[in-house]
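Geometric and topological summary
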Amino acid sequence: MPEARLQISGLDAHYGDFQALYGLDMAVSDGEVIAIIGANGAGKTTLMRSISGLLKNRADAIRFRGEPIGALRADQVAARGIALVPEGRQLFPSLSVEENLLIGGQVGRAGPWSLSSVYDLFPILKERRQQASTSLSGGQQQMVAIGRALMANPELILFDEISLGLAPVVIRQIYEAMPGIVGEGMTAMIVEQDIAQALKVSSRVYCLQEGRISLEAATGDVTHDQITKAYFGMDA
Ligand code: ATP
């Protein structure tokens, strides 16, 4: 069997004495869209930070295209083709929309994403391209954060809580863009608090509970009871 695009084996994470992840094993194949769900503090952001090189690990705890990347720096991971849309967006406040997008492109990878394809995906960003990113609404800032990640032409894109704090209508707008993002065979992992939304866009789901995987299932097969149990650690 060919090795998965992303293979996670025995991934631990620590903040000082506190252990946030315990021996996670995961495999993500080419073109899959994986949802990561779990209660506050379950370790979802820590997982995203680990994959994207913001938290270091054993080199072979994370393999991408068969190569160990667990000990690489974030810029090295980005150059291999993994982009993170971070929780809280983390735009450069003093820069314009377009400057923020161009920073994403500095990774220098070739591919379908450019300023013009990002503007096609989110036309409002073209209208606002000269404005300071902080003058945009929360939803528009999230579009900039997604566009910045796409500008790196990643093979794997990690979305960390992209709907957090946004109005339902804006969330719908952002998720409507999802097929245009993952449609070309891009592999994606989506951390999402809204379980229904997470299941709608993904083919497989992992639930984390206190730093461990409490459920792995095909989205089409999973039951409400299984999710409740995996999420809260109790029977519904
Ligand atoms: P949320 O939905 O609240 O973002 P999460 O599932 O993303 O939750 P993490 O942010 O990964 O969870 O946090 C996992 C655990 O690690 C939590 O108990 C959290 O308190 C702890 N933690 C996260 N960041 C730090 C840090 N910088 N220092 C110490 N502990 C941390």
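Use the structure listed above.
One structure accompanies this document, and this report is about it. (Residues numbered from 1 in each chain as written. Predicted model: local features only at pLDDT ≥ 70, side-chain atom pairs only at ≥ 80, totals over all residues. Heavy atoms only, no water.)

1. Some words on the side chain of Ser163
Within the secondary structure, Ser163 sits in the loop between strand S7 (156–160) and helix H7 (168–176). Given the relative accessible area of 10%, Ser163 is considered buried. Excluding anything up to four places from it in sequence, Ser163 contacts Ile171, Tyr175 and Glu192. (Helix = DSSP H or I, 4+ residues; strand = E, 2+ residues; numbered from the N terminus. Buried < 20%, exposed > 50% of the residue type's maximum accessible area, 1.4 Å probe, protein only. Contact = heavy atoms within 4.5 Å.)

2. Quick word on the sheet that holds S7
Taken together, 6 strands build an open sheet; the order of strands is S6-S7-S8-S3-S9-S10 and the sheet is mixed. A strand with exactly one partner marks an edge of an open sheet, and here the two such strands are strand S6 (82–85) and strand S10 (212–218). Ignoring strand direction, the axes of neighbouring strands in this sheet form an average angle of 15°. In this structure, S6 lies alongside S7, joined through 4 bridges in parallel fashion. (Pairing = 2+ DSSP bridges. Axes fitted to C-alpha atoms, helices over the stretch in contact; angles between N-to-C directions.)

3. Things to note about the site of the ligand
Taken together, 14 residues are adjacent to the ligand, and Gly41, Gly43, Lys44, Thr45 and Thr46 come closest. Contacts to the ligand include Gly43, whose backbone N or O atom sits 2.8 Å from an oxygen atom. At 2.5 Å from an oxygen atom of the ligand is found a side-chain nitrogen or oxygen belonging to Thr46. The pocket occupied by the ligand, as judged from atoms lying within 2 Å of grid points, is the second largest pocket. Among the secondary structure elements, those contributing two or more residues to the shell around the ligand are strand S2 (18–28) and helix H1 (44–51). Counting residues per element, the shell around the ligand draws most heavily on H1, which supplies 3 residues. In terms of residue class, the shell around the ligand is built from 5 nonpolar, 6 polar and 3 charged. (Near = heavy atom within 4 Å. Polar contact = N/O pair within 3.5 Å; in protein donor to acceptor, adjacent residues only side chain to side chain. 1 Å grid on protein atoms, 1.4 Å probe; cavity = no way out; pocket = protein on both sides within 12 Å on 5 of 7 lines; lining within 4 Å. Sits in = over half its atoms within 2 Å of the grid points. Nonpolar A, V, L, I, M, F, W, Y, C, P; charged D, E, K, R; others polar.)

4. Remarks on the packing of aromatic side chains
Ring pairs (aromatic) are described by centroid distance and by the angle formed between their planes. In total, this model carries 1 aromatic pair according to the counting rule given. Note that Arg212 overlies the ring of Tyr22, its terminal NZ or CZ placed 4.0 Å from the centroid. (Phe/Tyr/Trp six-rings, centres within 6.5 Å; stacked < 30°, edge-to-face > 60°. Lys NZ or Arg CZ within 6 Å of the ring centre and 35° of its normal.)

5. Focus: H1
Summarising burial for H1: 6 of the 8 residues are buried, a large majority. Residues of H1 that are buried include every one of Lys44, Thr46, Leu47, Met48, Ser50 and Ile51, and no others. Positive phi appears at Gly53, one or two residues downstream of H1, with a value of about 90°.

6. Some thoughts on the pairing of S2
Pairing geometry for strand S1 (residues 6–15) and S2, over 7 bridges, is antiparallel. What sits directly across from Leu6, in S2, is Val28. Between S1 and S2, which pair antiparallel in sequence order, lie 2 residues; one of them, Gly16, sits at a positive phi of approximately 60°.

7. Quick notes on helix H6 (residues 138–150)
Under the 1.5 Å per step criterion, the end-to-end length of H6 is 18 Å for 13 residues, consistent within 8% with the ideal 18 Å. Burial analysis of H6 places 12 of its 13 residues in the buried class, the great majority of the element. (Expected span 1.5 Å × (residues − 1).)

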